[in-house]
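Working through the structure, step by step
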Amino acid sequence: MEKRVAIIGAGISGLLACKYILKIGYNPVVYEADDGIGGVWRHTIESTKLQNPKQAYQFSDFPWDSSVKEDCPSSQQVLDYLNSYAQHFSIVPYIRFNSKVIDIDYVGESDEEMKSWELWNGDGTPFGSKGKWHITVEDTKNFSTEVHKAEFVILCIGKYSGFPNIPEFPLGKGPENFKGKVMHSMDYSSLDNDVAADLIKNKSVTVIGSGKSALDIAAECANANGVTHPCTIIRRNAHWFLQDFNIWSISLGYFYFNRFAELLVHKPRENSILFLLATLLSPLRWGISKLVETYLKWKLPLKEYGLVPNHSFLQEISACQIGVLPEYFFDKVEEGSIVIKKSQSFSFCNEGLIIDGDAKPIKTDLVIFATGYKGDQKLRNIFKSPVFQNYISRSERSSVPLYRKIIHPRIPQLAIIGYAESISNIVSDEMRCQWLSHFLDENIELPSIKEMEKDVKLSEENMKQYAGKFYWRSCIVSCGIWYNDQLCKDMKCNPRRKKNHFAELFEPYGPTDYTGSEDQGEQACEAND
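Residues numbered from 1 in each chain as written. Predicted model: local features only at pLDDT ≥ 70, side-chain atom pairs only at ≥ 80, totals over all residues. Heavy atoms only, no water.

**A closer look at the packing of aromatic side chains**
Applying the stated rule across the entire model yields 35 aromatic pairs. Seen in terms of ring centroids, F502 and F506 are 5.0 Å apart; in terms of plane orientation they differ by 45°. Their pairing is tilted. Residue F502 and its partner F506 are both found in helix α18 (residues 501–506); the two are separated by four residues, about one turn of the helix. On the basis of relative accessible area, F502 is assigned to the exposed category, the value being 60%. For F506, a relative accessible area of 30% gives the class partly exposed. Members of the aromatic cluster, each reached through a chain of ring pairs, are Y26, W120, F127, F152, W435 and F439. The ring of F89 is capped by K19, whose NZ or CZ atom sits 4.6 Å from the centre of that ring. (Phe/Tyr/Trp six-rings, centres within 6.5 Å; stacked < 30°, edge-to-face > 60°. Helix = DSSP H or I, 4+ residues; strand = E, 2+ residues; numbered from the N terminus. Buried < 20%, exposed > 50% of the residue type's maximum accessible area, 1.4 Å probe, protein only. Lys NZ or Arg CZ within 6 Å of the ring centre and 35° of its normal.)

In structure tokens form, the structure reads like this:
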């Protein structure tokens, strides 16, 4: 009997998973809660644009249409691109839209039996166990539920939707005291553009947060209302933001996204030569970070508005925290249509918000929390088993432990794609889906559970070394090429993708460098057979 593969989510990672699973002969079912593909790209504010240059954010075998002239396309153009990809590779017929997965439950193996395993899934293979996943699916139109079964589940649910992170307040200090409206950026982004425009028009809006979404929403409010109704940003921390991906007219890729840049950082399980080299070159690593910081402080009025972060650019980029400023952001701050205030805490009153150090409240009509998401909680809650829930979320400040950023050592017949971040998630997700297709085709052998857990721990320690206080984020920017090398070696394809040694060392890596890596792996496996 054909093994059933279920994919949950039809965002970028879900589309990629479906495409590569189809390629090895399976007929997957993709469950998508929305009525269309795209994931978070279906729910963005009108002004959202791609942060990366489009050449760095594309599928390896499907370039952007020549009609897209912008270097950083709009959210609608990105959504059109994803739809074109799904149509081109005939993915859409395998998607069940309006199908929300409530939970998944692994049935057929006891917890005691699974805890005794030395190899993942009992024998290290994708279908070695007699267990099956029971997937409870709700029809979002009529709210009926059905339970479907699958031998393997691929979770592609993302971490930036579904579970908003909303601050907690002492009794009597929360939104219940406020006469205006309070919402999370998730809810604001989900509104139709016309509805969102009406909501903020001629309103005093206060945005809570200091990340990319906070700045984007503030800029949208400033565009709508100008100095007549300034938008206030209340931030606790400052972050490094770029105007674009160039530093003194040199692409950031030459500083951080080539093999030479990765020689400057330690990597898990590196040999003694690479360890010594990274140690000796650490002053250069520090110098590059300081060079970028100096440029940003010269180019942007960070000191003037108290926005110089107290952490390094290296920590920021190592944690995938880097963002690109909205257009003319500081022009809006200078003219007064955006007001930035720093406060470690705040509370609600009838007229608005009270922050540290201010005697008078900030009068406002609308408060928007741009305070991020609880991605781990979202992932945790999809499991029915409390044991699996605990495997996913060990503590509030820990990342989900995934071997190769794909496989949880203790959860059988399941893969997670799209949880770990990179500077271009579309590239890293595609590599992971290629790896997963090789694994499901039984062309990759997993190490023991203990070895996988050791590998995960080494990766976490490496993250702590460079990401500082952001250590708990799952990110592979500082050694992204090295990470892809491991996947390529597992797939038995050549990890060296450039034309010559000089280019291999100094040219930034991008999506097209990995074109054909899947086919190389298939050819190698056929040769071994």
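**Observations concerning unusual backbone geometry**
Negative phi characterises most residues that are not glycine, and trans characterises most peptide bonds. Of note, the phi angle at Y328 is positive, near 60°, even though the residue is not glycine. Position of Y328 relative to the elements: it lies in the loop between β14 (323–324) and α12 (329–335).

**Regarding the state of the cysteines**
Taken as a whole, this structure holds one disulfide when the rule is applied. In this model C320 forms its disulfide with C475; the gap between the sulfur atoms is 2.0 Å. The sign of the 75° torsion about the S-S bond sets the C320-C475 disulfide as right-handed. You can see C320 sitting in the loop between α11 (313–318) and β14 and its partner C475 sitting in the loop between α16 (449–467) and α17 (480–490), a full 155 residues away along the chain. What makes C320 buried here is its relative accessible area of 14%. Classification of C475 by relative accessible area gives buried; the value is 7%. Note on C72: no disulfide assigned, nearest cysteine sulfur contributed by C320 at a separation of 17 Å. With relative accessibility at 26%, the residue C72 sits in the partly exposed group. C221 carries a free sulfur, and the closest cysteine sulfur to it, the one in C231, is 4.4 Å from it. Accessibility expressed as a relative area gives 1% for C221, which makes it buried. (Disulfide = S-S within 2.5 Å.)

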